[in-house]
Amino acid sequence: MKILIANHYEELCKLSANIIKEHVQAKKDAVLGLATGSTPVGLYKQLISDYQAGEIDFSKVTTFNLDEYAGLSPSHPQSYNHFMHEHLFQHINMQPDHIHIPQGDNPQLEAECMVYEDLIRQAGGIDVQILGIGANGHIGFNEPRSDFEDRTRIVKLSESTIQANARFFGGDPVLVPRLAISMGIKTIMEFSKQIVLLASGEEKADAIQKMAEGPVTTDVPASILQKHNHVTVIADQKAAQKLKKASYL
Ligand code: PGA
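Under an unreviewed UniProt entry, the name given to the chain is Glucosamine-6-phosphate deaminase, and the source organism is Bacillus inaquosorum KCTC 13429. Taken verbatim from the UniProt record of the chain, the Pathway (unreviewed entry) comment is "Amino-sugar metabolism; N-acetylneuraminate degradation; D-fructose 6-phosphate from N-acetylneuraminate: step 5/5." Of the chain, the UniProt comment under Sequence similarities (unreviewed entry) reads exactly: "Belongs to the glucosamine/galactosamine-6-phosphate isomerase family. NagB subfamily."

Novice: Please explain the overall build of the chain as it appears in this structure.
Specialist: Each helix and strand in the chain was counted, giving 8 helices and 10 strands. Partitioning the intrachain contacts of the chain with sequence separation of at least 6 by distance along the chain shows that 80% fall at a separation of at least 24. Here the chain displays about 10900 Å² of accessible surface, and carbon together with sulfur accounts for 51% of that area. Side chains of the chain give 23 positive and 30 negative charges; the mean places of these two sets differ by 5 Å.

Novice: Hey, could you run me through the layout of surface pockets in this one?
Specialist: Any space left empty among the atoms is revealed by the rolling of a water-sized probe across them. Space inside the largest pocket adds up to approximately 560 Å³. Forming the walls of the largest pocket are 26 residues, and the residues nearest its centre are Ile133, Gly134, His138, Asn165 and Lys204. Ranked by residues supplied to the lining of the largest pocket, first place goes to helix α5 (residues 159-165) with 4 residues.

Novice: Teacher, can you tell me more about the site of the ligand here?
Specialist: The local shell around the ligand consists of Gly37, Ser38, Thr39, Gly132, Ile133, Gly134, His138, Arg167 and Lys204. Contact between the ligand and Thr39: an oxygen atom at 2.4 Å from a side-chain N or O atom of the residue. Within the contact set of the ligand, an oxygen atom lies 2.8 Å away from a side-chain nitrogen or oxygen of Arg167. Taking 280 Å² as the accessible area of the ligand by itself, protein coverage stands at 82%. The pocket occupied by the ligand, as judged from atoms lying within 2 Å of grid points, is the largest pocket. Residues that form the shell around the ligand fall into these classes: 1 nonpolar, 6 polar and 2 charged.

Novice: Would you mind showing me how to read the pattern of salt bridges here?
Specialist: Where charged atoms of side chains with opposite charge meet at close range, the side chains can pair. Summed over all chains, the structure comprises 11 salt bridges. Among the ionic pairs, Asp127 bridges to Lys193, the shortest N-O distance being 3.4 Å. Of this pair, Asp127 sits in strand β6 (residues 126-131) while Lys193 sits in strand β9 (residues 192-199); the two residues are 66 residues apart in sequence, bridging distant segments of the chain. Residue Asp127 is classed as buried on the basis of its relative accessible area of 6%.

Novice: Honestly, the packing of helix α2 (residues 41-52) against helix α3 (residues 80-87) in this entry has me stumped. Any pointers?
Specialist: Axes are the key here: two packed helices are described by the angle between their axes and the distance separating the axes. Two numbers describe how α2 lies on α3: the axes approach to 10 Å, and their chain directions differ by 40°. On the basis of the axis angle, α2 is oblique to α3. Across from Val41, Tyr44 and Ile48 in α2, the residues of α3 making contact are Phe83, Met84 and His87.

Novice: Would you mind going over the nonpolar core with me for this structure?
Specialist: The nonpolar side chains of a soluble globular protein tend to be buried with one another. Grouped together as the largest cluster of nonpolar side chains are 64 residues, with contacts concentrated most on Leu47, Leu88, Phe89, Leu197, Met211 and Leu225. For this core, the leading source of residues is helix α1 (residues 9-26), giving 6 residues. Leu72, Phe141, Ala166 and Val176 belong to the second largest nonpolar core, which has 11 residues in total.

Novice: Teacher, can you tell me more about the side chain of Glu117 here?
Specialist: Following the sequence through the fold, Glu117 ends up in helix α4 (residues 109-122). Residue classification places Glu117 among the buried residues on the basis of a relative accessible area of 5%. A distance of 3.0 Å separates a polar atom in the side chain of Glu117 from a polar atom in the side chain of Arg151. Those residues within four positions of Glu117 in sequence are excluded, and the remaining contacts are Arg151, Thr152, Thr187 and Phe191.

Novice: Looking at this model, I keep getting lost on the packing of α1 against α2. Mind explaining?
Specialist: Running from N to C, α1 and α2 point in directions that differ by 55°, and their axes come no closer than 8 Å. When the axes of α1 and α2 are compared, the pair comes out oblique. As for how α1 packs across α2, the hand of that crossing is right-handed. Between α1 and α2, the residues in contact are Tyr9, Cys13, Lys14, Ser16, Ala17, Ile20 and Lys21 and Val41, Gly42, Leu43, Gln46, Leu47 and Asp50, respectively. Each residue belonging to the contact of α1 with α2 can be placed in one class, and the counts come to 7 nonpolar, 3 polar and 3 charged.

Thresholds applied
- Residues numbered from 1 in each chain as written.
- Predicted model: local features only at pLDDT ≥ 70, side-chain atom pairs only at ≥ 80, totals over all residues.
- Heavy atoms only, no water.
- UniProt positions renumbered as here; feature names shortened; annotations may be inferred.
- Helix = DSSP H or I, 4+ residues; strand = E, 2+ residues; numbered from the N terminus.
- Contact = heavy atoms within 4.5 Å.
- Areas by Shrake-Rupley, 256 points an atom, 1.4 Å probe, with all protein chains shown as cover.
- Lys, Arg positive; Asp, Glu negative; His and termini not counted.
- Charge placed at Lys NZ, Arg CZ, Asp CG, Glu CD.
- 1 Å grid on protein atoms, 1.4 Å probe; cavity = no way out; pocket = protein on both sides within 12 Å on 5 of 7 lines; lining within 4 Å.
- Points joined across faces, edges and corners; volume = space filled by probe spheres on them.
- Near = heavy atom within 4 Å.
- Polar contact = N/O pair within 3.5 Å; in protein donor to acceptor, adjacent residues only side chain to side chain.
- Sits in = over half its atoms within 2 Å of the grid points.
- Nonpolar A, V, L, I, M, F, W, Y, C, P; charged D, E, K, R; others polar.
- Salt bridge = Lys/Arg side-chain N within 4 Å of Asp/Glu carboxyl O.
- Buried < 20%, exposed > 50% of the residue type's maximum accessible area, 1.4 Å probe, protein only.
- Axes fitted to C-alpha atoms, helices over the stretch in contact; angles between N-to-C directions.
- Parallel < 35°, antiparallel > 145°, perpendicular 65-115°, else oblique.
- Core = buried A, V, L, I, M, F, W, Y, C linked by side-chain atoms within 4.5 Å.
- Left-handed = near helix turned anticlockwise from the far one by under 90°.

Written out as structure tokens, the structure reads:
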């Protein structure tokens, strides 16, 4: 696991955008795995400005998002589908049929999960997967004690995630869906050729320390990334402040 410590959030965004940009420049039909949440917003802004500067072409790129709330239609303002269009897709030249996000309002949710997993497999896996991390160590919506063998499936959000995400629902946790579809940990580990995990802010410092330096345990789902052979963690100084090994610096 390679750990890069950025001086501030802007640098984190630039470093992560450069990884994606270089990848897509070398492989025009790259498959990207994307994440939602506050952390990647600046990465997406940087990618939009790189696109506007003519430095990156998304016309042949395929994307798969990590997760989506169950029960929300793609057009629902708090859906991850809506989020991705607002923060990235509507500003770049992605082909709509190359964008994949689980359909949260599919009445056949179980089938939706299986089809999603198959689509990733058929695409040949994911070249670069962007991940955030929850303060509880989750990746995607794989909450603590998720099985490391899990594939894309329906998951129950933990109470801490519901509280953390209430800010996107006008601050009211009651409005946050209780269920979601999420790529599983096995999906992420097996299908991602390269993983870039982003963390910003002191509320992520414990999770980053446990992920990188603690035991590999389902109590901290992100700790499984220690067993992946190509992971780059990009953390700002606040998120990195509890790391013990000075060799990262
Ligand atoms: P955040 O979410 O970027 O909004 O902190 C990250 C996550 O929960 O995976």
